Structure formats: structure tokens, C-alpha cells
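Each chain, written out:
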Amino acid sequence: MEKDWRWFGRKDKITLPMLRQIGVEGIVTSLHDLPIGEVWTVGQISEVKDYIEANGLRWSVVESLPVSEEIKYAGPRRDALIENYRQSLANLGKCGVRTVCYNFMPVIDWIRTDLEYPCPDGSTSLYFDLAEFAYFDIHILERKDAAKDYSRDVLARVKRLAESFTDADRERLIDTIIIKTQGFVNGNFAGHDFDPVGLFREMLSKFEGITKDALRENLRYFLEAVMPVCEEYGIRLCIHPDDPPMPVLGLPRIVTSAEDIEWILKAVDNPHSGLTFCAGSLSSGAHNELVPMARRFASRTFFVHLRSCDVLPGGNFMEASHTAGRAHLVELIRIFEKQDPELPMRVDHGKTILGDEACGYNPGYSFHGRMLALGQVDGMMAAVRNEIEHKLI
Ligand code: DNO
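Within every chain, residues take consecutive numbers counted from 1 along the sequence as written. This being a predicted model, a pLDDT of at least 70 is required before a residue's local features are given, and a value of 80 or more before pairs of side-chain atoms are given or counted; all residues contribute to the totals for chains, interfaces and linings. Working from all heavy atoms in the structure, the side-chain values ignore hydrogens and water.

Asks: Would you take a moment to explain the sheet that holds strand 6 (residues 124-128) for this structure?
Replies: Neighbouring strands of a sheet are bound in pairs by backbone hydrogen bonds; such pairs are parallel or else antiparallel. Across the sheet, which stays open at both edges, the 4 strands sit in the order 5-6-11-10 with antiparallel pairing between neighbours. The sheet is open, and its two edges are formed by strand 5 (114-118) and strand 10 (309-311), each paired on a single side. For this sheet, the mean inter-axis angle between neighbouring strands, taken without regard to orientation, is 35 degrees. Any two strands between which DSSP finds at least two bridges are classified as paired. The helix count covers DSSP runs of H or I at least four residues long, the strand count covers runs of E at least two residues long, and both are numbered beginning at the N terminus. Where helices are involved, their axes are fitted lines through C-alpha atoms of the stretch in contact, as for all axes, and angles between N-to-C directions lie from 0 to 180°.

Asks: Would you explain the domain arrangement of the protein chain in this entry?
Replies: When the parts of a complex come together, some accessible area is lost, and that lost area is often taken as the interface size. Domain limits in this description derive from either an automatic procedure or a database domain assignment. Taken domain by domain, the protein chain comprises domain 1 (2-110 + 209-389) and domain 2 (123-205). On a C-alpha basis, the centres of domain 1 and domain 2 stand 24 Å from each other. Residues are treated as being in contact if the distance between any of their heavy atoms lies within 4.5 Å. Between domain 1 and domain 2, the contact holds 30 residues from the first and 29 residues from the second. Here the quantity called buried area is the total loss of accessible area, with a 1.4 Å probe, experienced by two parts when brought into contact, counted for both. Carbon and sulfur atoms supply 65% of the area that domain 1 and domain 2 bury against each other, a total of about 2,500 Å² over both sides. Looking at the side of domain 1 facing domain 2, the largest losses of area belong to Val-107, Trp-110 and Leu-249, adding up to 28% of the total buried there. Each salt bridge in this description consists of a side-chain nitrogen of Lys or Arg and a carboxyl oxygen of Asp or Glu lying within 4 Å of one another. At the surface where domain 1 touches domain 2, the tally comes to 0 salt bridges. With 3 residues, the single largest contributor to the side of domain 1 that touches domain 2 is strand 11 (residues 317-319). Along the lines of polarity and charge, the residues of the side of domain 1 that touches domain 2 split into 16 nonpolar, 9 polar and 5 charged. Here the term charged refers only to Asp, Glu, Lys and Arg, the term nonpolar to Ala, Val, Leu, Ile, Met, Phe, Trp, Tyr, Cys and Pro, and the term polar to all other amino acids, Gly among them.

Asks: Could you clarify how one ought to interpret the pairing of strand 7 (residues 236-239) in this entry?
Replies: Taken residue by residue, a regular strand's side chains alternate between the two faces of the sheet. In the sheet, strand 4 (residues 99-102) pairs with strand 7 via 4 bridges, with the strands oriented parallel. Following the sheet pairing, Val-100 is matched in strand 7 by Leu-237. When the strands point away from the viewer, a crossover counts as right-handed if the route from the first strand across the helix to the second turns clockwise. The parallel pair strand 7 and strand 8 (residues 273-278) is bridged by helix 10 (residues 258-267), and the resulting crossover is right-handed.

Asks: Help me understand the state of the cysteines in this model?
Replies: Whenever a pair of cysteine sulfur atoms sits within 2.5 Å, that pair is classed as a disulfide. Going through the model one piece at a time under the given rule, you end up with 0 disulfides. No disulfide involves Cys-119; its sulfur sits 12 Å from the nearest other cysteine sulfur, which is in Cys-309. Considering cysteine sulfurs only, Cys-238 is the nearest to Cys-230, which forms no disulfide, with 10.0 Å between them.

Asks: How should I be thinking about the layout of surface pockets in this particular structure?
Replies: Think of a ball as big as a water molecule: rolled over the atoms, this probe shows where empty space is left. In this analysis, the protein atoms alone were mapped onto a 1 Å grid. Cavities are point sets where a 1.4 Å probe fits without being able to get out; pockets are open sets with protein on both sides within 12 Å along at least five of seven lines; lining residues have an atom within 4 Å of a point. Grid points are joined across faces, edges and corners, and a volume is the space filled by probe spheres set on the points. By volume, the second largest pocket is sized at about 430 Å³. Every residue lining the second largest pocket is counted, 19 residues in all, and those nearest its centre are Leu-115, Glu-116, Thr-352, Tyr-361 and Pro-363. Elements that contribute at least two residues to the lining of the second largest pocket include exactly strand 5, strand 6 and helix 7 (167-183). With 4 residues, the single largest contributor to the lining of the second largest pocket is helix 7. In terms of domain composition, the lining of the second largest pocket takes at least three residues from each of domain 1 (2-110 + 209-389) and domain 2 (123-205).

Asks: Before we go on, may I ask you to explain the sheet that holds strand 1 (residues 2-6) in this structure?
Replies: Spatial ordering of the closed barrel is given by 1-2-3-4-7-8-9-12, a layout of 8 strands whose pairing is parallel. Adjacent strand axes in the sheet meet at a mean angle of 30 degrees, parallel and antiparallel pairs treated alike. Bridging between strand 9 (residues 301-306) and strand 12 (residues 344-347) involves 3 bridges; their strand directions are parallel. Directly across from Val-304, in strand 12, lies its bridge partner Met-345.

Asks: Would you explain the pattern of salt bridges in this entry?
Replies: Counted under the stated rule, the structure contains 37 salt bridges. The salt bridge involving Arg-346 is made with Glu-63; its shortest N-O contact spans 2.9 Å. One end of the pair, Arg-346, is in strand 12; the other, Glu-63, is in strand 3 (residues 58-63), with 283 residues separating them in the sequence. The same class applies to Arg-346 as to Glu-63, namely buried. Note that Arg-157 is salt-bridged to Asp-129, the shortest N-O span being 3.6 Å. With Arg-157 in helix 6 (residues 152-164) and Asp-129 in the loop between strand 6 and helix 5 (130-140), this pair connects stretches of sequence that are 28 residues apart. Remark: exposure states derive from per-residue accessible area (1.4 Å probe, protein chains only) relative to the maximum for the residue type, with buried under 20%, exposed over 50%, and partly exposed in between.

Asks: Got a minute to help me understand a nonpolar patch on the surface in this structure?
Replies: To count toward a patch, a residue needs a relative accessible area above 30% and no salt bridge. Like charges then connect within 9 Å, nonpolar side chains (Val, Leu, Ile, Met, Phe, Trp, Tyr) within 5 Å. Methods summary: accessible areas were calculated by the Shrake-Rupley approach with a probe of 1.4 Å, and residue burial reflects only the protein chains presented. Residues Ile-388, Leu-392 and Ile-393 make up a contiguous nonpolar surface patch of about 250 Å² in total accessible area. Structurally, Leu-392 is set in the segment after helix 14 (368-389). The exposure class of Leu-392 is exposed, given its relative accessible area of 58%.

Asks: Hey, could you run me through the site of the ligand in this one?
Replies: Taken together, 13 residues form the shell around the ligand, and within it Glu-63, Ser-64, Asn-103, His-349 and Tyr-365 come nearest. Within the side chain of Glu-63, an N or O atom sits 2.4 Å from an oxygen atom of the ligand. Polar contacts, as counted here, are pairs of nitrogen or oxygen atoms within 3.5 Å of one another; within protein the pair requires one atom able to donate a hydrogen and one able to accept it, and residues that are adjacent in sequence qualify only if both atoms are side-chain atoms. Here an oxygen atom of the ligand sits 3.5 Å away from a polar atom, N or O, in the side chain of His-240. Isolated, the ligand exposes 330 Å² of accessible area, and the fraction of that covered by the protein chains is 99%. Throughout this document, a residue counts as near a molecule or strand when at least one of its heavy atoms sits within 4 Å of that molecule or strand.

Asks: I keep staring at helix 12 (residues 290-297) and nothing clicks. Help me out?
Replies: An α-helical segment advances 3.6 residues per turn. Residues three or four places apart therefore align on the same side. Within helix 12 the residues assigned to the buried category are Leu-290, Val-291, Met-293, Ala-294 and Phe-297. End-on, the buried residues of helix 12 take up no more than an arc of 165 degrees, which puts them together on one face. For helix 12, the secondary structure elements touched by its buried residues are helix 10, strand 8, helix 11 (279-283), strand 9 and helix 13 (329-339). Working note: the arc is built from the helix axis to C-beta atom directions.

Put into C-alpha cells, the structure is as follows:
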């Protein structure tokens, strides 16, 4: 697979010359400063592409071309926003950037409750604690009937948290769930000088009455509208799984399992519509067995995210090392290397190590932690290529 790296543009403290030194071949990025829903012009795209190429790299994948919330809940501006999306895809195609990742998670992108969870070895990792998340839902958002969505066990833990949580704990949770994890990937919650909980409630209300089936139909509508542009420009559009892969905050989620992925690929059965195989998101759901899923969907996988999770008791999970956890990365590499040795791949969510904590990187996007992960994955890929070359697999 091609070794790619998620780079957040010129404001990223990790520069392109640094990435060349560690063996990165392709860049994964987005036009991070543009509001969601605006057309990406040829000029804006070329400017970023030229800069990447001037540094001896290529722009391999767009992650993400974000889908506006109104497209997801079928609001009145849906068709106009889809038209903008089509235009952005066409402009990317004209510039030769042809792998485009997106997701269809309502309101909230990826979720963690702790961005600096201390590991025994002194590093820190991202962590999801279901009881803390339920506390956020029940006691901070105060969503109607929220308690019905959690088990008695989780509710007992929430009760204990409610007894011990200070104002500072509440603020930390709001900052983690709404601002820090969403801020750099999701234009809905980018700023700091607003009422995040109020805005969050308002966004949630837009999805009232949207069932899983309705959300699926809205995805089908979107894909049917954009596929002709993807065909015309040779674009491979690949949906990112939901992270974590389960319904949250009363919102449906539709990319959580093999059955969901199968539905999407069949609903609009076009070779330009595929999957971002995010091993981390999928492995954080105990119901997902990644190796058979990779075998099943390899031919429609256009982009791979390599990381691995450990699922813990009580619905909690954390990021594992890239050589451990339930994702079985070596086996996934075997499957995807055989499928297409050129497939774009990036490591995802490294730990925070060796001074990363002082650098203000986006959560999960440390330099040393990801570099270590890339080294581990690079080693696994070299071993797998050797197996393939000597017909050992
Ligand atoms: C977080 C990422 C997600 C992902 C988007 C893709 O680290 O896994 O933000 O990039 O959901 O659209």
C-alpha cells in the first residue's frame, strides 16, 4: 500500500519536508479553512496540490470532502448543497485528485471522552468511557429520555459520576466531546466563543424523527446524485465508518457493521462508490470481526486507515498499539496488499509520546506517536511483501 499521512495544511506544525524524511509517499488532506458546503474551486485545490508537489509528495486522498448536515437530514437546501458537492468533486477531478473520503455521521464525527488517558508505560492514548459519555448525554445535554438508551450498569456508573463530578470535570467533558475532537474535522463546532451545548442541542433537533432507514435513504439520494460526476472524472468516493460504530445520542448511524456496509455498496452499486476501511473505528465495536470484513469488502475499498482498538468491559474502548489489539493489522495488510499494492493507506491515531504532549497537535495526530506507528506498519508491510514475492501466502 502507499504510505500516506494526514496533514492539516500549512498551519500544521508537522511540515512536508519532515514527512519526506520518514518515508511518507502521499498526503491526505482537505481544504480545512473552507466552511462546509462551499464549492472548492480549481484555484484553491491547485494551490494546495502544487505546494504538496513542490515538496516532492503527491496529494493522494481528500479527507474529507465534508457532507453538509442538511444533506444528511434532507433539509430545504439539500439539492443546492449537493450541487456544490458535485462541483467540488468535478474540480478535484479536473486537478487529478481522485480519491475522496467522506462520512455520513449526523451532528458528531468521531467521539472520545479522554484525549490524554495515561498508559502504564508513560504514554497517553485516546479513550472512550461509555459512562462518561452517558453522563454527557443525560446530565449535560439533558436529552429527553436519554437514560433509556443505557444499561442499568452504565446508569449506576453515571450516578456515581454525578456524585463526584466537579464543574471542571463537566467543562473538560464538553471541551473534549464538542470542541477538541470535532474542532479540526467538523466545521459545525469550530469556534471557541459560542455556547457549544446550546448549538449541539440545536443540531440534534434537526435530526428529530430521522430513523436509520431515513438516514440510509438520504445517503442513497446523495450517492445517486454524485455518482455521475465521479464516473465522469474517475473519482473513487469512499465512506468512512462511524466512530464508534453504534448509534449515539438518539441519532442513527449507518456505517457500523458488515451488514451496513453491504447495504451501502448494494444501494448504489457503482464501482466509484466504496469504503474507507478504517480498522480503528470498526475494531472499536465488539460485534465487528475485521479480517472477514476486509476479505469481503477489499475489492470496494479505496482507502485504508490502519490502527487498532482494545474493547474493554462496560462498553469502553481505547487505542491499542498498531501491532496489537483486535484489528489484526498484519492480516489486514496481507489482504489489502494482495488486493492492490498501490492502495492509499495512512496510519491513524498514534499515541502521545516523547514530548508530543507539549506540541499542541490535533488529538490523535501526534508526530512521534504516529511516526512510531508508521514504522511498525512499514515493517509489517515489508514482511508481507516478502511473503507475497516468495509465494508464501
Ligand atoms: C478522526 C477521523 C475522522 C475521519 C472523518 C472522515 O480522527 O477518523 O475525523 O477523518 O470522519 O470523514
